[in-house]
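# Close look at the chain arrangement
The residues making up each chain are set out below.
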Amino acid sequence: MARWILSGSKLLLIWLCAGGVMAQPMPEGGPTPEVEQRITQFLSVYRMGPGDVLTVRVFGEPDLSISGARLTDSGTIFLPTLGELMVGGLTLGQIEHKVVERLRGRILVNPKVSVSVDQYRPFFINGMVRSPGAYPYQPGLTVRKASSLAGGLQERASLKKIFVIRADDPQQLSQRIQFDDIIYPGDIVTVEESFF
């Protein structure tokens, strides 16, 4: 299994394999500097939502750590000793701060906490793609890559009539986007049919 992570200012591809973890810099032909900047910005401001899966590590305290914690529909996760914790709508940094504050004093003197996303909520693609449906999200995903995951475009697909409903848009308005635009977890992408 491969996963992109941000380490300092470098985007790394992490391979999880039987022998452990292997990291390598993004290969040639990876995202352009503009796309890499958007990925970095996304990772720093991404707000958790139902379906995201987190790992919360409390250093030196394996009994207080948890992996594979999926956010419920109400945006909560269950942590050992702390119980149910509302994290929906928070960034990773805000979740770390919240866990530290809940642990400090009552349980630990100076807790060190790290929170990471194991799996983002899926995005959805429909319309003129071969296999419409929900697919796992990966940072840096564009409409082009999303349509490839969905089996490619059908013959009559329009590259000029692509719309997205952003998951974080409270009005859920459909917006026109380009084939190489970035999409985010929970987004709904529709590729319309071309008539000419």
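What you see as residue numbers is a count from 1 along each chain, following the sequence as written. Confidence filtering applies because this is a predicted model: local features only for residues at pLDDT of at least 70, side-chain atom pairs given and counted only at 80 or more, and all residues used for totals across whole chains, interfaces and linings. No hydrogens and no water enter the side-chain calculation; it runs on all heavy atoms of the structure.

Next up on the list: the nonpolar core. For the purposes of this section, nonpolar cores are sets of buried Ala, Val, Leu, Ile, Met, Phe, Trp, Tyr and Cys residues that join through side-chain atoms within 4.5 Å. Any residue under 20% of the maximum accessible area for its type is buried, any over 50% is exposed, and the rest in between are partly exposed; the area is computed with a 1.4 Å probe on protein chains only. Leu54, Ile77 and Val99 are the most contacted members of the largest nonpolar core, which has 41 residues in total. Secondary structure elements are taken from DSSP: a helix is a run of H or I of four residues or more, a strand is a run of E of two residues or more, and numbering for both begins at the N terminus. At the level of secondary structure, the elements contributing two or more residues to this core comprise β4 (53-58), β6 (76-79), α2 (92-103), β8 (113-119), β9 (123-127), α3 (143-149), β11 (157-165) and β13 (188-193). Among the elements that make up this core, the one with the highest residue count is α2 (4 residues).

In this section: the environment of Arg121. As for its placement among the helices and strands, Arg121 is situated in the loop between β8 and β9. Using a relative accessible area of 15% as the deciding quantity, one classes Arg121 as buried. For Arg121 and Arg70, which are 51 residues apart along the polypeptide, the C-alpha to C-alpha distance reads 9.5 Å. Every residue pair with non-hydrogen atoms within 4.5 Å of one another is taken to be in contact. What Arg121 contacts, discounting residues up to four positions off in sequence, is Tyr46, Arg47, Met48, Gly49, Pro50, Gly51, Asp52, Tyr137, Pro185 and Gly186. Separated by 3.2 Å, the side chains of Arg121 and Tyr46 make a polar contact. In protein, a polar contact means a hydrogen-donor-capable atom and an acceptor-capable atom, both N or O and within 3.5 Å, with residues adjacent in sequence counting only if both atoms are side-chain atoms; elsewhere, any N or O pair within 3.5 Å suffices.

Let us look at the sheet that holds strand β5 (residues 66-70). Pairing between strands requires that DSSP locate at least two bridges from one strand to the other. The antiparallel open sheet is built from 3 strands, whose spatial order is β5-β4-β8. The two strands at the open ends of the sheet, each matched to only one other strand, are β5 and β8. Neighbour-to-neighbour, the strand axes of the sheet open up by a mean angle of 25°, direction not taken into account. Axis definition: a line fitted to C-alpha atoms, limited for helices to the stretch in contact. Angles are taken between N-to-C directions and run from 0 to 180 degrees. The strands touched by α2 are β4 and β8; relative to β8, the strand with the most contacts, the crossing angle is about 135°.

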